[in-house]
Every structure is written in structure tokens, then in C-alpha cells.
Amino acid sequence: MTRTFDVYVTRRLPEPGMSMLATLGRVEVNPHDRPLTRAELLEAVRGRDGLVTLLTDQIDAEVMDAAGPRLRVISNYAVGFNNIDVAEATRRGVLVCNTPGVLTETTADLAWALIMAVARRIVEADAFMRSGRFEAMGGWSPTLLLGSDVHGKTLGIVGFGRIGEAVARRARGFDMRVLYHDVRRRPADEERRLGVEYRDLDDLLRESDFVSLHVDLNASTRHLIDARALSLMKPTAYLINTSRGPVVDEAALVAALREGRIAGAGLDVFEDEPRMAPGLAELSNVVVLPHIASASIETRARMAEMAAANLIAALSGQRPAHVVNPEVLEGKRA
């Protein structure tokens, strides 16, 4: 690398990401432990060659205008990239990169943590112990905090990509029947190998005891789980979402949980994140987490390494390992 570059990072990354980026030259980082305001973001990106961004940063034409003509790459610290106007970036010849694959197993682990937590009322039980109520009632009772079995039940997976498949693999240890729905059905021999059965979405919702969401967010999946979809689920069923918040109509979910039309939910993402829908936090039959699906030390470090490597490669004139809009490299424009 014969020249130095000017890079802005919208939130400090775990190591080794920051050390890798430091080799580029001038690297400035958001000094706050919070997302930048819109005004702060527009000011921070001015004159930059590259940006490292998060899903919480809306990177659109206005931001690219503010960055100016030197901008060559936007490296997203996430698998998803719905926060970036990729078509606009492509039109300007700006590469967009992401961090796929690395999150698969860790996110599948968290989906299972939510399944177990909500079915066996783990969060409620922890609060019960800490409050002293277990001691006050004199100890064990045959009807205390009864939950639902997980083993032997039917798991429905909506979105059968890498993460959905990893969730299905874990279900084998619980002797579960596994259904899946995806826009692309797998070949029959692959279904047999994975031990899964295909269903259309309505039938999957009707048959499943646990419904785990693993779809991308796009026009066809926004509010995929709405009031009608929730009405198809069993009153004993649980909804798990570790994909994207707007896939679920959160107000409809609150109503279904409050009225007992489904048994419970485990959520790591929210429709208007970081805010939850009114009434959600007051419900005892939901487990809510602050978007921590990828929050293991190992995975977050690997994400940082990948995001930094993508940006370094792009600025060095090399092909990044993970490019969302490869047509830029081919000299094409959207």
C-alpha cells in the first residue's frame, strides 16, 4: 500500500479490527458509546475514502453526498445490509461489503437459548428466585412455573439458509420433527439428509410447536408474521425471532401474547429497535434480548476482522472477500 487513507468507523470494533484498520493511515472512530445522530453522521463522513458501518447507520444518498467523491467502500459490520442503499452505492461505483457466514453457528445457538428460555420460563424463574418468593412460599411445589417440553415437539423454521439449517441440526438432539419454509425448496435427497420436511408457510404455522424466523428483511418479508399469521399458530406454540424486527408485526404479536392466542415468544430483534412495541415489556410470556445473537467474544472478533479486511482490500485495489455489489468491480453500474 503506497498511500494512506482516511477512514471513519461509526462504532469502535473489537480487536483485531481496530489494529488492522490503523495500518491504513487516518482512522477516526465515533467517540460516543451510542449510535451517531444523523447530523453527527453527516459531518463525520466528510472526505472519507472508506466507512465501517453498523445496521443502526442509515447509509443513503445524503450520506454518500456528504462523504464526497473520494468514497470507495462501505464495509458493514453485519451480515445484513438493509441499512445501506446498495443501488445508490453501485451507481456511484462504491463497493458495499458485509460479514456473512461468521454469525451462523452463534446465531443458531441464541435461537436455541430463546427456545429453551421461553418454553421452560427460565427468565421468570430467575426473577422468582432473586425476589425471595421461592423461599417465602416454603420451597418446591408441583405446579410451580410449569412450562412446555421441547424434546419431541415440532419445530418450524421460516427461512432455510445457513442459520436456519444450523438451527435444524441442533433439533436432532431434541428428537424434534423439523419443518421448513423457504422461497427455494431443497431437493428431496437434501431434505432426507437434513431430516426436514417442506411446508408452505400457512401449514408450517399450523403444525409447529415452535416457529423460528431466519429470513432476510425485504419487501416480501416485512410483517410476514402479522395478525393473520399469528392466528394460524397453535395456542400452545412459541414464536422465536433472531432475524430482523420488522419481519414481525410487533403490535399484533403483543395482542396475541396478551390474549393467550400463542403461548409465548423469544425476541432478539424489534420492529422499531431499540424501542419495543407498547405493552411488550410488561408481558411475562416473552423473553426479550438486546440484539445479541452474534454477541460472543469469538464471533464479534471475527466479524471485526472480516469488516476490516474487506475495507483494506477495497482500498488496496484488491477484491474484498465479501462484496454485496460485485458489479462495481466489473465496471458496471446499477
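Basis of the calculations
- Residues numbered from 1 in each chain as written.
- Predicted model: local features only at pLDDT ≥ 70, side-chain atom pairs only at ≥ 80, totals over all residues.
- Heavy atoms only, no water.
- Helix = DSSP H or I, 4+ residues; strand = E, 2+ residues; numbered from the N terminus.
- Buried < 20%, exposed > 50% of the residue type's maximum accessible area, 1.4 Å probe, protein only.
- Polar contact = N/O pair within 3.5 Å; in protein donor to acceptor, adjacent residues only side chain to side chain.
- Contact = heavy atoms within 4.5 Å.
- Pairing = 2+ DSSP bridges.
- Axes fitted to C-alpha atoms, helices over the stretch in contact; angles between N-to-C directions.

### As for the side chain of aspartate 49
And step 1. Relative to the elements of secondary structure, aspartate 49 occurs in the loop between α2 (38-44) and β3 (50-53).
And step 2. The class for aspartate 49 is buried, based on a relative accessible area of 2%.
And step 3. A distance of 2.8 Å separates the side chain of aspartate 49 from the side chain of arginine 70, its partner in a polar contact.
And step 4. Setting aside anything within four residues of it in sequence, one finds aspartate 49 in contact with Arg3, Phe5, Asp6, Arg70, Leu71, Arg72, Val73 and Leu315.

### Examining the sheet that holds strand β5 (residues 95-97)
And step 1. Pairing within the open sheet is parallel, and its five strands lie in the order β2-β1-β3-β4-β5. Two strands bound the open sheet, and with one partner strand each, they are β2 (25-29) and β5. In this sheet, neighbouring strand axes are inclined to one another by 15° on average, regardless of whether the strands run parallel or antiparallel.
And step 2. Lying over the sheet, helix α13 (residues 297-315) contacts β1 (5-9), β3, β4 (73-76) and β5, oriented at roughly 170° with respect to β4.

### Looking at the sheet that holds strand β11 (residues 264-267)
And step 1. Reading across the sheet, the seven strands line up as β8-β7-β6-β9-β10-β11-β12 and stay open at both edges, with parallel pairing between neighbours. One side of each edge strand has no neighbouring strand; the edge strands of this open sheet are β8 (196-198) and β12 (286-288). In this sheet, neighbouring strand axes are inclined to one another by 20° on average, regardless of whether the strands run parallel or antiparallel.
And step 2. In this fold helix α8 (residues 162-171) packs onto β6 (154-158), β7 (177-181) and β8, with an angle of close to 170° to the strand it touches most, β6.

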